[in-house]
2 protein chains.
Amino acid sequence: MTAAADIHPKTVRGVTRIARNAKAAAARLATTSTAEKDAALQAIADGLRESSARIVKANEADLAAGVENGMSESLLDRLRLDEARIAAIADSVEQVIDIPDPVGTTVLGRTLPNGIRLTQSRVPMGVIGAIYEARPNVTVDIAILALKAGNATILRGGSAAEHSNAELVAVLRRAVESVRLPADTINTIDQYGREGASVLMNSRDYVDLLIPRGGADLINAVVQDSIVPVIETGIGNVHMFIDSSATVKNAVDLVLNSKTQRPSVCNSLETLLVHEKAAKRVLPKILERLEAAGVVVHADADVAALAPESMRIRRVSRRDWAKEYLDLELAVKLVSGIDEAIEHIRAYTSGHTEVIVTKDIDNAETFVTAIDAAAVGVNVSTRFTDGGEFGFGAEVGISTQKLHARGPMGVEQLTTTKWIMQGNGQIRD
Amino acid sequence: MTAAADIHPKTVRGVTRIARNAKAAAARLATTSTAEKDAALQAIADGLRESSARIVKANEADLAAGVENGMSESLLDRLRLDEARIAAIADSVEQVIDIPDPVGTTVLGRTLPNGIRLTQSRVPMGVIGAIYEARPNVTVDIAILALKAGNATILRGGSAAEHSNAELVAVLRRAVESVRLPADTINTIDQYGREGASVLMNSRDYVDLLIPRGGADLINAVVQDSIVPVIETGIGNVHMFIDSSATVKNAVDLVLNSKTQRPSVCNSLETLLVHEKAAKRVLPKILERLEAAGVVVHADADVAALAPESMRIRRVSRRDWAKEYLDLELAVKLVSGIDEAIEHIRAYTSGHTEVIVTKDIDNAETFVTAIDAAAVGVNVSTRFTDGGEFGFGAEVGISTQKLHARGPMGVEQLTTTKWIMQGNGQIRD
């Protein structure tokens, strides 16, 4: 962390002012109706469509800088905003209008023996900070989901997307203002750079929750440095265990879908554990299909012996077991049974998603009970750990920690609760 | 924080070994039935009664050291364990047996359109650390509530209670072992002193949650230094606003009960705000009763003018508004109306409990909506924000933060959830 003492006083003052204003906006949002929030979301969708050309232009400046700095084609693709992508973002904003507003719902209610009516009511979190990398769509994503739940946001995107983010935040602020909500509902501190992020991580008086979105390095840095409460998201060292009783069809389908359907995301498969008694039956077919899909396999000789002759298996190392490839690569290991599978997963899990493929009801139960992760699956693709698939409408990320929200985080996970005690003069004996 | 580099390697190794063993115990506890956990709790209650004499003897050593170090009588009283108090602690352990086990309950369940059965199931948190001051009853409190929820604990009590805590933890570990659960379910790191606490705060790989219990300094230090997720508990700068429509009886009863029923606890009243239009009607009686109860009042001349002649009002300063007296002291302020009351509370609230006394339904609604705190009351004593009063059976503390648990934390708040996906080969398109 940049020690507070080293940060320019202008940065401290600037970010603190933004955070204080965001807190004031959050107080206003706490009493804003669903209809008003939805009107703001509609204004945002409209504003994005109307300002599409300006956003594309700002994005072109970022892309040009990216090319100049030798950014890879896949990173440039993540950074790119064209008319079609902006239209898709505007559509996604309108979809958030359809998500039910969690604010004001009663979580629990009872009348106490003394007559006090006790209600646990869902309320906005307040001010949500987000620190993320160069994907400008995240700017809109987080701002609109937070707004639906009645929260103000302070955004810190990657510097590689600074022109895009500045333009997007300007569009969002104008839209929010056009329906008479405070512009300070949505804020960026990109102009204050890395030091601004340090100030944000220390703004415990104003910021209620900080969400880092990005790679492991970014997330670990925020966890280390932030005194604002953090929710870790998105690190998925995901395992699948093929039990001896698994059918070939299930094993092949689930491995292939889990690894190749979208390898760059956190719920894709990274390590495959195969019961040694199932290996001869299932692995040749799995490896053949993985090869055809262009997947690089890391494994020992016992696995390599079951691969097609044409397939080159890379020697697996301890490092592979801990690695989130996020690419067409897979570590494969034979295990002596479910106990070794559980032991391996316990040693290397990131607590995201772990799946067993089995026909044995006892092993399914053992696996589900023994594995400590946000999501544990039986005979399903790992790709189902997803807010959209779970029916949340949209997601802010997948929490891999145990506090507050575990697994996909939708709009409801951006709220907290308040206990309301209504009485008529009750005192305590 | 003591920088990791300055900590003796023996301390790092020792605390890390304890944390690793606690995590292994937690894995065992995750598959432990309610009956087994309740048997352990019964063994703990029995063990406390049987070892009463030894615990008293260990406590006497702490008391003697306390006297030698000039500890105040009220602190010595908090530290003291006699046969009667140990019997009361044993009884409280048996009461925890009666609290329903939250583990295994379904929070949410649905079948997705693709046929996957999705269940959000309550599971133990894992390993819970606690850092607290010289109240040895906290050692038992936290260990048993955590155990009921299937968690292992790592305890760091105040050094002034080290002999008492060592004996208590020894009794608890023997009891847990006697029912064939791992002794490492309950651990102390008191032997490693302050540096041990620093290692604990950095043990993110093994510890899932850290609860500081004590004064503001202790809590702030843990929040600053810990990279393990923390839940802040127990800072209560509690306000009550007497609206112009409040009845004299409600105003007097509620202020007196809130301030004097147990002034040393976090839900007792610290600042009274009175609508200037109600002042003449309610304040003379309130001040008379406060004087009779021995309460020192801090206020301006406008309040002093309404006090009995015999009463000495201390001049209030800005510092008083922010202060948690935890004693028979109260700050009093006249406000022009509900808006000023809300503004004052927003500026000084610790987010614990805030109460309005009113007969006006609109003002009640405005207050409840606008105030951002764990508990907001209408016409009730502030003293009701309490796990026991809320029907939780027992409480670990009152959370004043918004993540995970807000307000009284009982056994359920020491759990997390796991998503279970059960399918028959579903893949994602």
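Residues numbered from 1 in each chain as written. Chains lettered and ligands numbered in written order. Predicted model: local features only at pLDDT ≥ 70, side-chain atom pairs only at ≥ 80, totals over all residues. Heavy atoms only, no water.

What about the overall build of chain A?
Filter applied, for reference: Helix and strand assignments follow DSSP, with helices taken as H or I runs no shorter than four residues and strands as E runs no shorter than two, numbered in order from the N terminus. Computation of the radius of gyration draws on C-alpha atoms, with the globule rule given as 2.2 Å multiplied by the number of residues to the power 0.38. Burial classification: accessible surface area is computed with a 1.4 Å probe over protein chains only, and a residue below 20% of its type maximum counts as buried, one above 50% as exposed, and the rest as partly exposed. We treat Lys and Arg as the positive residues and Asp and Glu as the negative residues; His and chain ends play no part in the count. Here the site of a charge means NZ on Lys, CZ on Arg, CG on Asp, or CD on Glu.
Scanning chain A from terminus to terminus reveals 15 helices and 16 strands. Computed over its C-alpha atoms, the radius of gyration of chain A comes to 24 Å, within 12% of the 22 Å expected for a compact globule of 429 residues. Principal axes of the C-alpha set define a box for chain A whose edges measure 70 × 70 × 45 Å. Taken over 429 residues, chain A has a buried fraction of 59%. With 47 positive and 55 negative side-chain charges, chain A shows a separation of 3 Å between the mean positions of the two kinds.

Overview of the environment of Asn-114 of chain B
As a reminder of what qualifies: By the convention used here, residues are in contact when the closest approach between their heavy atoms is within 4.5 Å. Nitrogen and oxygen atoms within 3.5 Å of one another constitute a polar contact, given that in protein one can donate a hydrogen and the other can accept it, and given that sequence-neighbouring residues count only through two side-chain atoms.
Among the structural elements, Asn-114 of chain B can be located in the loop between strand S1 (106-111) and strand S2 (117-124). Asn-114 of chain B sits 307 residues away from Met-421 of chain B along the chain, and the two C-alpha atoms are 11 Å apart. The residues contacting Asn-114 of chain B, other than those within four sequence positions of it, are Phe-384 and Glu-389 of chain A together with Gln-426 of chain B. Within the local environment of Asn-114 of chain B, its side chain forms a polar contact with the backbone nitrogen of Ile-116 of chain B, the two atoms lying 3.0 Å apart.

Examining the interface of chain A and chain B
Definition in use: Computed with a 1.4 Å rolling probe, the buried area is the accessible surface lost when two parts are put together, summed over both parts. Each reported salt bridge corresponds to a side-chain nitrogen of Lys or Arg within 4 Å of a carboxyl oxygen of Asp or Glu. Classification used: nonpolar for Ala, Val, Leu, Ile, Met, Phe, Trp, Tyr, Cys and Pro, charged for Asp, Glu, Lys and Arg, polar for all others including Gly. A pair of strands counts as paired when DSSP detects no fewer than two bridges linking them.
Taken together, the contacts link 70 residues of chain A with 70 residues of chain B. Together chain A and chain B conceal approximately 5900 Å² of surface at their shared face, both sides included; 55% is due to carbon and sulfur atoms. For the interface between chain A and chain B, the tally reads eight salt bridges. Here Glu-389 of chain B makes a salt bridge to Arg-428 of chain A, at a shortest N to O gap of 3.3 Å. For the pair chain A and chain B, the interface holds 43 residue pairs in polar contact (both at pLDDT 80 or more). When contributions to the side of chain A that touches chain B are tallied by element, the ones reaching two or more residues are strand S2 (117-124), helix H9 (216-225), helix H10 (248-260), helix H15 (361-370), strand S13 (375-380), strand S15 (407-409) and strand S16 (415-426) of chain A. With eleven residues, the top contributor of residues to the side of chain A that touches chain B is S16 of chain A. By residue class, the composition of the side of chain A that touches chain B is 31 nonpolar, 25 polar and 14 charged. Strand direction decides the pairing type here: S16 of chain A and strand S13 (residues 375-380) of chain B, joined by five bridges, are parallel.

Some details on the sheet that holds strand S12 (residues 353-357) of chain A
As a reminder of what qualifies: A fitted line through C-alpha atoms serves as each axis, taken over the contacting stretch for helices, and the angle formed by two N-to-C directions is quoted from 0 to 180°.
Overall, mixed pairing links the ten strands, which are arranged S10(A)-S9(A)-S11(A)-S8(A)-S7(A)-S12(A)-S13(A)-S16(B)-S2(B)-S1(B) in an open sheet. On the outer flanks of this sheet lie strand S10 (314-315) of chain A together with S1 of chain B, each paired with one strand and no other. Relative to S13 of chain A, S12 of chain A is paired through four bridges, and the arrangement is parallel. The residue bridging Val-355 of chain A from the neighbouring strand is Gly-377 of chain A, located in S13 of chain A. Packing of helix H11 (residues 276-292) of chain A onto the sheet brings it into contact with strand S7 (238-242), strand S8 (269-275), strand S9 (296-299) and strand S11 (329-335) of chain A, and relative to S8 of chain A it is tilted by some 145°.

What to know about the relation of the copies chain A and chain B
Stated formally: For the least-squares superposition of copies, only C-alpha atoms count, and only for residues with pLDDT at least 70 in both.
For the match of chain A to chain B, the screw axis carries a shift of 0.0 Å, the RMSD comes to 0.0 Å, and the turn is 180°. Taken together, the turn and the small shift mark the pair as related by a two-fold rotation axis. No C-alpha of chain A lies nearer the rotation axis than that of His-404 of chain A, which sits 1.8 Å from it. Interface overlap between copies is the fraction of interface residues in one copy that are interface residues in the other; for chain A against chain B it reaches 100%, indicating a shared surface.

What to know about the packing of helix H2 (residues 34-50) of chain A against helix H7 (residues 162-178) of chain A
Residues and elements named next belong to chain A. Keep this limit in mind: Working rule for angles: under 35 degrees goes down as roughly parallel, over 145 as roughly antiparallel, 65 to 115 as roughly perpendicular, anything else as oblique. Each crossing gets its hand from how the near helix is turned against the far one by less than a right angle, where anticlockwise is left-handed and clockwise is right-handed.
Viewed as axis vectors pointing N to C, H2 and H7 meet at an angle of 135°, and their least axial separation amounts to 8 Å. With respect to H7, the element H2 is oriented oblique. Remark: the crossing between H2 and H7 carries right-handed chirality. The segment H2 lies against H7, with Ala-43, Ile-44, Gly-47 and Leu-48 engaging Leu-168, Val-171, Leu-172, Ala-175, Val-176 and Ser-178.

Comments concerning helix H7 (residues 162-178) of chain B
Residue and element names in this part refer to chain B. To be explicit about the condition: A helix is expected to span 1.5 Å multiplied by its residue count minus one.
Counted at 1.5 Å a residue, the expected span for H7 with its 17 residues is 24 Å, and the 24 Å between its end C-alpha atoms agrees. All buried positions along H7 are accounted for by Ser-164, Asn-165, Glu-167, Leu-168, Val-169, Val-171, Leu-172, Ala-175 and Val-176. Where H7 is buried, its residues contact helix H2 (34-50), helix H3 (52-68), strand S3 (127-132), helix H6 (136-148), strand S4 (152-156) and strand S5 (186-188). In the stretch just after H7, Arg-180 is the one whose phi turns positive, near 60°.

What to know about the pairing of strand S7 (residues 238-242) of chain B
Residue and element names in this part refer to chain B. We apply this condition: Convention used here: a crossover is right-handed provided that the path from the first strand, over the helix, to the second strand proceeds clockwise when the strands point away from the viewer.
Of all the five residues making up S7, five are buried; the element is thus mostly covered by neighbouring parts of the structure. Judged by which residues are buried, S7 turns out to be covered on both faces: Val-238, Met-240 and Ile-242 on one side and His-239 and Phe-241 on the other are all buried. Relative to strand S8 (residues 269-275), S7 is paired through five bridges, and the arrangement is parallel. By the bridge assignment for S8, Ile-242 is matched with Val-274. The parallel pair S7 and S8, bridged by helix H10 (residues 248-260), forms a crossover whose chirality is right-handed. Where S7 lies against strand S12 (residues 353-357), four bridges are found, and the strand directions are parallel. Opposite Ile-242, over in S12, you have Val-357 as the bridge partner.

Coordinates in, geometry out; function isn't part of it.
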